[in-house]
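Next come the chains, spelled out residue by residue.
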Amino acid sequence: MSSELHFILNDRDVRLAEVGAHDTLLDFLRLDRHLTGTKEGCAEGDCGACTVLVGRLHDGALRYEPVNACIRFLASCHGCHIVTIEHLRGTDGGLHPVQRAMVEHHGSQCGFCTPGFVMALYGLWMQTPHPSMLEIETALQGNLCRCTGYEPIVKAAFAAAEAGGQNMDALAVERDAITARLAAMPAIRVEAARGDDRVILPADAADLALVLAENPKATIVAGATDVGLWVTKFLRNISPAVFIGHLADLKRIEIAGDHINIGAGVTYSEFEPVLRAHFPEAVDYWLRIGGWQVRNAGTIGGNIANGSPIGETPPLLIALGASITLRSTEGQRVVPIEDYFIEYGKQDRRPGEFVESIRMPLKGKARIAAYKVSKRHHADITASAAAFRVETDGATIIDARVAFGGMAGIPKRASHAEAALNGQPFTKDTFEAAAKAVANDFQPLSDWRASAEYRQQLAANFFRRFWLEQAGEEPRLRRAE
Amino acid sequence: MKQDVQIFGAAHSSIQHDSAEKHVTGTAEYTDDLVGPARMVHAYLGLSEIAHGRITELDLSAVRAAPGVVDVLTAKELPGVNDVSPNGKNDDPIFADPEVQFLGQPIFAVIAETRDLARRACKLARVTYEELPFVLDLIAARDAGMGYVTEPMTLRRGELEPAMAAAPRRIKNRMTVGGQDHFYLEGQIAMAIPGEGPEVSIFVSTQHPSEVQHMVSHVLDVPASAVVVNVRRMGGGFGGKETQMNLFACVAAVAAKRLNRAVKLRPDRDDDMTATGKRHDFVIDYEIGFDDSGKIHAVSGDWYARCGFSADLSGPVTDRALFHADNAYYYPAVELRSHPMKTNTVSNTAFRGFGGPQGVIAAERMIEEIAYTLGRDPLEIRKLNLYENGQLTPYHQPVEDQILPRIFEDLEASSDYQARRQAVIDWNAKGGTIRKGIALTPVKFGISFTATWFNQAGALIHIYSDGSVHLNHGGTEMGQGLNTKVAQVVAEALGVNFHRIQITKTTTEKVPNTSATAASSGTDLNGMAAQDACRQLLERLTAFAAEMKGVSVEEVRIGETVQIGPHQMPFDEFIKAAYVARIHLSAAGFYKTPKIHWDRATGRGHPFYYFAYGAACAEVSVDTLTGEYVIERADVLHDVGRSLNPIIDKGQVEGAFVQGTGWLTSEELWWDGKGRLRTHAPSTYKIPLASDRPKVFNVRLADWSVNREKTIKRSKAVGEPPFMLGISVFEALNMAVASFNDYRENPCLDAPATPERVLMAIERLRS
């Protein structure tokens, strides 16, 4: 066990003995290290002004991803390489190609969001040397600019791609050295504290079970895309906090026969390629979860575990008939995911338990769809979402599973609507009947995201959309082809 | 002698923003990035939890006892007045005492060793209220007799009643237009550093340093001369830092003087959005009389604005709504009335356009009403009613610089409007799930502060003996490129390269009594003042050069190479000689806008020096199962006169268009039944993303336009006017919805046209 946090910040090793659960990376950068290029715009992971890159080893390979420093806890930086705007420069010491492109295309006005944009574009430039318009817009979902209208920033992204030079980049040049340094950091338990404010980083999943048995009231923190706000917005006490985002044994994705086993610590971004391969119908939906920075941090397990009625993954997983494995020192137990959500704010997770993995059945011959509507298309919280899994035998529906988010206190199946589908012919009229029946399934709330009437209308229209798409009649609105 | 040598960064050249390289490297300093003095402490504000009531007990004992707390401020601790009202009405307390007038109103401040400790201590306050009835909605406020926060205005021309009665057709209707949060990326922030005696120095993110200076002086009860206000740059302003930073600066200043320590105050984004004012939302009741040709005969309208609990800038904002209720159209008989309604909500304030957008959008709604009623293309109705030169606005100023017919002609052709409109109609006729709409709308925007005395500016230029040039002026940089453009004016005037000019922070120590950088006027005013300073320097330098070499002043040309008759000298060497000869190398310039006058009581005058024009054509696709939409294409043609910096001006136009689109689409302010703003952060308040901008975005400046008035280099103001071009998107959405009823009925979408409003309007027409 170690009592010291250890990571690399730009070109320096950082070892910290005094770390509290509530310390954010952003405050550490700005207040402690006076690295003020990284800005605070919202302190909730929605504006991207605080974007930094986090490099970490995935099966031995170093990967850098943009994340929001404002809701990234300092403790979760253990074993990582943190790269801020101050570290970015060209090989000649001048501007980096991404920076140069932003200047030449007039991508900054007030300049406050600019370091965040530069870091997101840098992340894109590293991972995707020749991005499409769709890839650029997707990479920028987590960055707000209030001045430019984005056009010059998008032009800069293309120009940076043209400039190339990825193999000359500082992080590329340093890659082997950084990899070696990170690999040398042992996977042992870290416990650190500032006074009563405690953090624990277990060594592995088994150790996590032990830690939770010792600290049954601990706050489990994975990507912190929600827990971060408990601290920055609600000033809640999360100590002792147990950080799990670094655990390699919670990051496995295995395809086993007719299903996929997904470690609870797998981020949205890490799962995206698998989703593309097996559920291409749901990629659009997936890319409406947060912005890129949030998808790089947030985990599927966390999205389930925190029990939010508006999480995006539960409707999809419920429709697919997924189950989760909960683990503690007592052992493991498997729960169908739809039974995990008991009521608003209450889940079937016992003290000392954690979500270890998700078992996601492959679709086989079923027809799949996932829909979400929000006030803004990207990086917005669900007004209403639905996922469909419909199996037919010939022209008859034999098994329809339709699950909704945003319509009740928990993510939930639409039993009346399912009843209107099951055993019925696969026709427009059947889906029209289900569209009407779904009105009996939910009594949604009116709030700032949507009125109850709108949510009901959307729920009904999702059935109409499903039919139209299956019938091949209507396209969806698409931002780019 | 005329300048004939090319210099870098002269006026009209497209050079980059002077801070661009600092922006992209993270080295541009904002107020929160400044290295603070030793022992600096941090303030945080405690906010009201109710919308209206009287504080009966304010128990701050637990706050005082909290870790790290060094001081607590309430109204009683203020040495001077408890007021930051920018208009002399004394209705804008720093701390509620004892009446709380909106949920989120500051009541006290905590000063602690760290911001985190100050913030946590705030939560320990125990405030007991006697709750009073409250009104949030502006029509409810009218019905409840809440009254006005400031004097309303009426504009009147012609005989309304007979003209309305005689009009062959009349329509009476109501439009609701939502407000908008500024969402400057850098939130409010102030840092105060105490000096000796009465002195204090403030570093603050503000558009209006002189006002901060005066507010701090009143609240500290010290002369304005003891207060220095500094701002290098803001991370966005948009009007949200014209008056709203006063409170933060004053709290920091009071605490700094009490403790004799530097104090910084930076609210969290949620508190910033809850406690500071926004764009006014409006309800507009209009009546329009017109004939079968679509020609307008008479317009009558009431503009009700939710002003919040105090006047702030609501008077001039609601005035400007009326000034723009005609947009680009001639109303033969007209009466327009403003109603600045008091409500128990945050006091609304300046925001890009300053009420103008809420006037313009109603004018465009009336055009659409006529078009749908007559079954005509709204563009035809627009063209039919455009001002002709010489016609009078409702405020009796003649329009004399009309260029919209040319802008329309150019944009209609370049956007291929007619063919695309037909294609949209044909597409919709197929009756599919995706519907389309297209609209081409203009803007005419009056340039000048309507408070005539604000139309003045100063600048201070020093040339140091090494030949380097130090530029200071009264405007503030918030991203709009003002410093760059003013420096270009100076570079050109002195004939020297742009890089010779050191752009410095704005400070009340150098240029006093400045106006807010607002009303799009920053370059017009400060550019002229800087040019005036250059004129004085050139006069002295030219006379010196002529005398030195015994030539006539006509034979002298100042520049990077100074030409004196047959002699040439490098600028540095020449300046050194001027210094040795004891030539005064510093000059203060001044400018006041000519021609303008305004008599609010009679509603007559010439409030605007000139008008800026533009037009946009937007096409949208709407998903009629969800109400979601995309902007397929937008074409913009905008008039900035002879642009001082075309690439910077284009950036203003693009940014304004997208911001205007946000106002009318995804940006929704939503208060709950208790008066709590629930869309108070980017998680709930949704400004446009890169993926919301038009898929195809063609923005051009009308490069043939020259300001007929003698503005700085014949350019025109650019900040606000293009904001209103986002209305083209709103009207295009309206058209897509109207396709459900074959365009026989105007769907009359209210703003913002969120996906919900679009879908519910579609459902209304379906049934």
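Computed from a predicted model, the values in this text were never measured in an experiment.

## Section: the overall build of chain A
For chain A, the helix and strand inventory stands at 18 helices and 20 strands. Here chain A has a C-alpha radius of gyration of 23 Å; the compact-globule value for 481 residues is 23 Å, and the two agree. The C-alpha extent of chain A, read off along each of the three principal axes, is 65 × 55 × 40 Å. A buried classification covers 64% of the 481 residues belonging to chain A.

## Considering the packing of helix 15 (residues 522–549) of chain B against helix 16 (residues 571–580) of chain B
Between two packed helices, the angle of one axis relative to the other and the distance separating the axes together describe the packing. Residues and elements named next belong to chain B. At their nearest, the axes of helix 15 and helix 16 sit 11 Å apart, and the two run at 85 degrees to each other. Taken together, the axes of helix 15 and helix 16 are roughly perpendicular relative to one another. Of the residues in helix 16, those in contact with Leu 541, Phe 544, Ala 545 and Met 548 of helix 15 are Phe 574, Ile 575, Ala 577 and Ala 578. For the contact of helix 15 with helix 16, a count of residues per class yields 8 nonpolar, no polar and no charged.

## A few points about the confidence of the model for chain B
In the predicted model, chain B carries a mean pLDDT of 97, and the fraction of residues at 70 or more is 99%. Here the predicted complex scores 0.98 on pTM and 0.98 on ipTM.

## Considerations on the domain arrangement of chain B
All names here are of chain B. On domain assignment, one finds that chain B holds domain 1 (48–133 + 182–275), domain 2 (282–450 + 600–766) and domain 3 (456–514 + 522–592). The distance between the C-alpha centroids of domain 1 and domain 3 comes to 39 Å. Each partner contributes residues to the interface: domain 1 has 19 residues there, and domain 3 has 14 residues. When domain 1 packs against domain 3, close to 1,200 Å² is buried across both sides, 50% of that on carbon and sulfur atoms.

## Re the sheet that holds strand 18 (residues 384–393) of chain A
Residue and element names in this part refer to chain A. What the 4 strands build is an open sheet, ordered 17-18-19-20; its pairing is antiparallel. Of all strands in the sheet, those bounded by a partner on one side alone are strand 17 (367–373) and strand 20 (412–413). Two strands pair when backbone bridges link them, and strand 17 and strand 18 are joined in this way by 7 bridges, in the antiparallel orientation. Paired with Ala 369 across the two strands is Phe 388, which belongs to strand 18. Each of strand 17, strand 18, strand 19 (396–405) and strand 20 is contacted by helix 14 (residues 313–320), which is oriented at about 160 degrees to strand 19, the strand it contacts most. Taken strand by strand, helix 18 (residues 452–470) contacts strand 17, strand 18 and strand 19, and its axis lies near 145 degrees from that of strand 17.

## Quick word on the interface of chain B and chain A
With 84 residues of chain B in contact, the opposing surface of chain A contributes 77 residues. Here chain B packs against chain A, burying approximately 6,800 Å² in sum over the two surfaces, 56% of which is carbon and sulfur. If you sort the residues of chain B by the area they bury against chain A, Val24(B), Leu185(B) and Arg693(B) come out on top, with a joint share of 11%. Joining chain B to chain A, the criterion identifies 14 salt bridges. With a shortest N-O distance of 2.6 Å, Arg465(A) and Asp623(B) are connected by a salt bridge. Our enumeration of links across chain B and chain A arrives at 37 residue pairs in polar contact (both at pLDDT 80 or more). For the side of chain B that touches chain A, the secondary structure elements donating two or more residues are helix 1 (20–25), helix 3 (115–122), helix 8 (269–275), strand 27 (610–623), strand 28 (629–638), helix 17 (646–664) and helix 19 (755–766) of chain B. Here the side of chain B that touches chain A takes 7 residues from helix 17 of chain B, the largest share from any one element. For the side of chain B that touches chain A, the class distribution of residues is 33 nonpolar, 25 polar and 26 charged.

## A short note on the sheet that holds strand 24 (residues 586–592) of chain B
Residues and elements named next belong to chain B. Spatial strand order, 19-18-17-24: 4 strands in an open sheet with mixed pairing. Since the sheet does not close on itself, it has two edges, and those belong to strand 19 (501–503) and strand 24, each with one partner. When strand polarity is set aside, the average angle formed by the axes of neighbouring strands in this sheet is 25 degrees. Looking at chain direction, strand 17 (residues 456–463) and strand 18 (residues 469–473) are connected through 5 bridges and run antiparallel. Paired with Ile 463 across the strands is Val 469, a residue of strand 18. On top of the sheet, helix 14 (residues 482–494) reaches strand 17, strand 18 and strand 19; it is set at about 130 degrees to strand 18, its chief contact.

## Some remarks on the state of the cysteines
Counting across every chain of the model gives 0 disulfides over all chains. Cys70(A) takes part in no disulfide bond, and the closest cysteine sulfur to it belongs to Cys50(A), at a distance of 3.7 Å. The structure places no disulfide on Cys122(B), whose sulfur is separated from the nearest cysteine sulfur, that of Cys250(B), by 18 Å.

## Here we look at the pattern of salt bridges
Note on pairing: side chains with opposite charge can pair once their charged atoms come close. Within this structure, the stated rule accounts for 86 salt bridges over all chains. Where Arg63(A) meets Glu65(A), a salt bridge forms, and the shortest distance between an N and an O atom there is 3.7 Å. Accessibility expressed as a relative area gives 9% for Glu65(A), which makes it buried. Arg169(B) is paired through a salt bridge with Asp292(B); the nearest N and O atoms lie 2.5 Å apart. Within this pair, whereas Arg169(B) is found in strand 8 (residues 169–177), its partner Asp292(B) is found in the loop between strand 13 (282–290) and strand 14 (296–308), the two being separated by 123 residues in sequence. For Asp292(B), a relative accessible area of 51% puts it in the exposed group.

## Side note on the domain arrangement of chain A
Accessible area lost on assembly of the parts is the figure often given for the size of an interface. All names here are of chain A. What the domain assignment reports for chain A is domain 1 (5–86 + 175–243), domain 2 (97–168), domain 3 (251–361) and domain 4 (367–470). Facing 24 residues of domain 3, the contacting portion of domain 4 comprises 29 residues. Roughly 2,100 Å² is buried in total at the junction of domain 3 and domain 4, and carbon and sulfur atoms are behind 63% of that figure. Taken together, the links from domain 3 to domain 4 amount to 3 salt bridges. Lys 372 is paired through a salt bridge with Glu 312; the nearest N and O atoms lie 2.5 Å apart. Between domain 3 and domain 4 we count 9 residue pairs in polar contact (both at pLDDT 80 or more) in total. Those elements that place two or more of their residues in the side of domain 3 that touches domain 4 are helix 14 and strand 14 (341–343).

## A few points about the pairing of strand 23 (residues 567–570) of chain B
Inspection of the sheet shows strand 22 (residues 561–564) of chain B paired to strand 23 of chain B by 4 bridges, in the antiparallel sense. In the strand pairing of strand 23 of chain B, Thr561(B) is matched with Pro570(B).

## Some details on the environment of Leu541(B)
All names here are of chain B. Of note, Leu 541 is situated in helix 15. Leu 541 sits 291 residues away from Cys 250 along the chain, and the two C-alpha atoms are 43 Å apart. Once residues within four sequence positions are removed from consideration, Leu 541 is found in contact with Ile 463, Ile 558, Phe 574, Ile 575, Ala 578, Ile 583 and Leu 585.

## Here's the deal with the UniProt feature "domain: FAD-binding PCMH-type" (unreviewed entry) in chain A
Within this structure's numbering, the places UniProt gives as "domain: FAD-binding PCMH-type" (unreviewed entry) are residues 192–365 of chain A. Taken as a whole, residues 192–365 of chain A contains 32% helix and 28% strand, while its terminal C-alpha atoms sit 50 Å from one another.

## Description of helix 10 (residues 356–374) of chain B
All names here are of chain B. Helix length check: helix 10 (19 residues) gives 28 Å between terminal C-alpha atoms against 27 Å at 1.5 Å per residue, within 8%. Of all 19 residues in helix 10, 18 are buried; the element is thus mostly enclosed. Note on helix 10: the residue one or two positions beyond its end, Gly 375, has a positive phi of about 70 degrees.

## Brief notes about the UniProt feature "domain: Aldehyde oxidase/xanthine dehydrogenase a/b hammerhead" (unreviewed entry) in chain B
According to UniProt, the positions carrying the feature "domain: Aldehyde oxidase/xanthine dehydrogenase a/b hammerhead" (unreviewed entry) are residues 25–133 of chain B. Between the first and last C-alpha atoms of residues 25–133 of chain B the distance is 52 Å; the span itself is 13% helix and 31% strand.

## Points about the environment of Ile178(A)
All names here are of chain A. Looking at the element boundaries, Ile 178 is found in helix 7 (residues 175–183). Spatially, the C-alpha atom of Ile 178 lies 8.5 Å from that of Ile 8, the residues being 170 residues apart in sequence. Ile 178 has contacts with Ile 8, Leu 62, Tyr 64 and His 81, leaving out every residue within four places of it along the chain.

## A closer look at the nonpolar core
Residues and elements named next belong to chain B. Membership of the largest hydrophobic core comes to 160 residues, with the highest contact counts inside it found for Trp 303, Ile 461, Phe 574 and Phe 657. The element best represented in this core is helix 15, accounting for 12 residues. Three or more residues apiece are contributed to this core by two domains, here domain 2 (282–450 + 600–766) and domain 3 (456–514 + 522–592). Residue contacts for Phe 574: discarding those within four places in its chain leaves Leu 541, Phe 544, Ala 545, Met 548, Ile 558, Val 562, Ile 564 and Met 569.

What counts as what
Residue numbers run consecutively from 1 along every chain, following the written order of its sequence. Working convention: letters from A go to chains and numbers from 1 go to ligands, in the order in which they are written. Only residues with pLDDT of at least 70 get local features here, since the model is predicted, and only at 80 or more are side-chain atom pairs given and counted; chain-wide, interface and lining totals rely on the full set of residues. Water and hydrogen atoms play no part in the side-chain values, which are based on all heavy atoms of the structure. Helical segments are the DSSP runs of H or I of at least four residues, strand segments are the runs of E of at least two, and each set is numbered from the N terminus. Radius of gyration here is computed from C-alpha atoms only, and the compact-globule reference equals 2.2 Å multiplied by the residue count raised to the power 0.38. Only protein chains enter the area calculation, which uses a 1.4 Å probe; residues under 20% of their type maximum are buried, those over 50% are exposed, and those in between are partly exposed. For helices, the fitted axis covers only the stretch in contact; all axes are lines through C-alpha atoms, and the angles between them, taken along N-to-C directions, range from 0 to 180 degrees. Should an angle lie under 35 degrees it is considered roughly parallel, over 145 roughly antiparallel, and from 65 to 115 roughly perpendicular; all remaining angles are considered oblique. Between two residues, a contact is recorded if the distance between any of their heavy atoms is within 4.5 Å. Gly falls in the polar group here, along with every residue not listed as nonpolar (Ala, Val, Leu, Ile, Met, Phe, Trp, Tyr, Cys, Pro) or charged (Asp, Glu, Lys, Arg). By definition, pLDDT measures how confident the predictor is in each residue, and it falls between 0 and 100. Residue ranges assigned to the domains are those given by an automatic or database domain assignment. Computed with a 1.4 Å rolling probe, the buried area is the accessible surface lost when two parts are put together, summed over both parts. We call two strands paired when DSSP finds no fewer than two bridges between them. Salt bridges, as used here, are contacts in which a Lys or Arg side-chain nitrogen is within 4 Å of a carboxyl oxygen on Asp or Glu. The term polar contact refers here to a pair of N or O atoms within 3.5 Å; inside protein, the definition further demands a hydrogen-donor-capable atom paired with an acceptor-capable atom, and it admits residues adjacent in sequence only when both atoms are side-chain atoms. Any cysteine sulfur atom paired with another within 2.5 Å is treated as part of a disulfide. UniProt positions are given in the numbering used here, feature names are shortened, and annotations may be inferred rather than shown by experiment. A helix is expected to reach a length of 1.5 Å times the quantity of its residues less one. Nonpolar cores were defined as sets of buried Ala, Val, Leu, Ile, Met, Phe, Trp, Tyr and Cys residues, with membership established by side-chain atoms within 4.5 Å.

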